[in-house]
Structures are given as structure tokens and as C-alpha cells.
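# Fold and geometry: a report
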Amino acid sequence: MERQLLVVEDDPLMAESVADYFTGKGWSAMTAGSGADALELMDQEHFHLILLDVMMPGMNGFTTCREIRRKSDVPVIFITARVMEEDKLNGFSLGADDYVTKPFSFPVLYAKAEALTGRVWGKDACRRKAGSLEVDVRNHEVWKQGKPLPLPPKEYEMLLFFLENPGRIYSREQLLIRFWGYDFEGNERVVDSHIKKLRKALGDCGCVIQTIRKSGYRMEVEG
């Protein structure tokens, strides 16, 4: 499976240059010109890494990183011309994983990205394991206790999303936007229906989708 990169940078030339370099290495890449655009894309796509510029108009990189961490544990590397120690410490306190200072070497940036995603996602980025579940992301196959577990597309997508964001609470509205889009004309109860079906399929596998009263849903992985 291609790893998916999001480049958040208000300089279009810089953003496209970084994206082109990574796509040339076999990644898939998207760009966002602002923090708000990045957060919107995160509701629609799954990313393995975010490269985040610090100095952006409107919502700067620090504020964007804080909001990203409300949604996901996706690795974040700051790209910045600011080299003051307090800025770096602030970034790390907000959940950043690494810093790259402008001007930077593309090979060095790529090496950092490979090392970070390798640690987070494991050597086999196409496999996810939790409890007695194993998911082959490339082939969209799921096994429970070593036996195939067929899932409809929507339940599969929701399972993968929860597995990659364990312990985080997502509201019905967030899940509705993430899986049905902003233009969906139904109501939030469609989320409850698919969660119910997914829970039934998972059964006792060590991965539990919990209902958090007045907040939404989260997955807890036992053990």
C-alpha cells in the first residue's frame, strides 16, 4: 500500500516540490495551503505522515498541530525557518514528532520521513494487528482469530480508521463527515447503524468500540 503524505504549506511551489519528490519515491501525496484546509482533508482522507509548515497566515502550524492531535496520532514533522529552542519545545509539547529547518535537503527530509513512519507503522505498512484481528490493508482482507472475517466496504473502512486511532473519541458528526462526506443528506443515526453491524461482526476479538455518552465512539484494544 502506498503511504499517504499531506504537505501543509502556504507556498504552492514548495508544497508541490515536496509532494513531487515523495511521489517519485512511491508515496501518494496531497497538499493543503492552510491549516483549515489540512483539517478538512483529514476528515476525508487517511494520512501516514503530515509535513507541516509553522509560519502560515491565519492558523499557524502550532495551532494546526494542536487541532490535528484532537483528531489523530498521525506522525507530524514541522518544516520551519524558525530555529529558536523555545519554538521547537513548543512544537514537541503540542505533539510534533520531528523538525526540519528551511532550507532543507530533500533526501534528508525523506530519510526522516521513512524512519519515522517505519517506527510508527512498522516494517510492514500493509498490515494492522490488534487483539485477535489482523487486517491486510492492500487487499482489504480481515482475519479474526486466524479466520477470514468478510466485511462490507463501509464497515471495513470504519474498522481500519478505529484501529489506526485507538483510544480517541470521535463524535457522530465527525464520523458522518469522514465516511459519508459533507454533502450526505441523511442523519447521524446511520453512523449508529454501521457501528452496531461492525460490533456484531467483531464479537469477542479484543477490540471494543465503546459508546462514550454525549461524546461519540472510541475503540479500545484489550491487552
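In this report, we go over the structure that sits alongside the text.

What counts and what doesn't
Residues numbered from 1 in each chain as written. Predicted model: local features only at pLDDT ≥ 70, side-chain atom pairs only at ≥ 80, totals over all residues. Heavy atoms only, no water. Helix = DSSP H or I, 4+ residues; strand = E, 2+ residues; numbered from the N terminus. Rg over C-alpha atoms; globule rule 2.2 N^0.38 Å. Buried < 20%, exposed > 50% of the residue type's maximum accessible area, 1.4 Å probe, protein only. Areas by Shrake-Rupley, 256 points an atom, 1.4 Å probe, with all protein chains shown as cover. Lys, Arg positive; Asp, Glu negative; His and termini not counted. Charge placed at Lys NZ, Arg CZ, Asp CG, Glu CD. 1 Å grid on protein atoms, 1.4 Å probe; cavity = no way out; pocket = protein on both sides within 12 Å on 5 of 7 lines; lining within 4 Å. Points joined across faces, edges and corners; volume = space filled by probe spheres on them. Nonpolar A, V, L, I, M, F, W, Y, C, P; charged D, E, K, R; others polar. Polar contact = N/O pair within 3.5 Å; in protein donor to acceptor, adjacent residues only side chain to side chain. Pairing = 2+ DSSP bridges. Axes fitted to C-alpha atoms, helices over the stretch in contact; angles between N-to-C directions. Expected span 1.5 Å × (residues − 1).

Here we take up the overall build of the chain. The helix and strand inventory of the chain stands at 8 helices and 11 strands. By the compact-globule yardstick of 17 Å for 223 residues, the chain fits well, its C-alpha radius of gyration being 18 Å. Principal-axis analysis of the C-alpha atoms gives the chain an extent of 50 × 35 × 30 Å. Out of the 223 residues belonging to the chain, those deemed buried represent 44%. When the accessible surface of the chain is split by element, carbon and sulfur atoms take 50% of a total near 11,500 Å². For the chain, the centre of its 30 positive side-chain charges and the centre of its 34 negative side-chain charges are spaced 8 Å apart.

Under the counting rule described, the total for this entry stands at 1 cavity of 30 Å³ or more. Of the voids in this model, the largest cavity is the one considered here, and its volume is about 170 Å³. Around the largest cavity sit 14 residues that line it, and Met42, Lys71, Ser72, Phe161 and Arg178 are the ones nearest its centre. For the lining of the largest cavity, the element with the most residues is helix H7 (residues 172-180), which contributes 3 residues. Within the lining of the largest cavity, the residues separate by chemical class into 6 nonpolar, 4 polar and 4 charged.

Our focus in this paragraph is the side chain of Arg168. Position of Arg168 relative to the elements: it lies in the loop between helix H6 (153-164) and H7. A distance of 2.3 Å separates a polar side-chain atom of Arg168 from the backbone oxygen of Arg69.

What follows concerns the environment of Glu40. Among the secondary structure elements, Glu40 is positioned in helix H2 (residues 35-42). Sequence separation between Glu40 and Val191 is 151 residues; the distance between their C-alpha atoms is 19 Å.

What follows concerns H7. Every α-helical turn comprises 3.6 residues, leaving residues that sit three or four positions apart pointing alike. Looking only at H7, the buried set comprises Leu175, Leu176, Ile177, Arg178, Phe179 and Trp180. Of the residues flanking the end of H7, it is Gly181, one or two places downstream, whose phi is positive at about 90°.

Let us look at the sheet that holds strand E2 (residues 28-32). Across the sheet, which stays open at both edges, the 5 strands sit in the order E2-E1-E3-E4-E5 with parallel pairing between neighbours. The outermost strands of the open sheet, each flanked by one partner alone, are E2 and strand E5 (98-101). Averaged over all neighbouring strand pairs, the angle between strand axes comes to 20°, with direction disregarded. Pairing of strand E1 (residues 4-8) with strand E3 (residues 49-53) involves 4 bridges; the strand directions are parallel. From the neighbouring strand, Leu6 faces E3, where its bridge partner is Ile50.

Turning our attention to H6. Relative to the 16 Å expected for 12 residues at 1.5 Å per residue, H6 spans 17 Å between its end C-alpha atoms, a close match to the ideal helical length. Burial within H6 is extensive, with 9 of its 12 residues counted as buried. Those residues of H6 lying buried are Glu155, Tyr156, Met158, Leu159, Leu160, Phe161, Phe162, Leu163 and Glu164.

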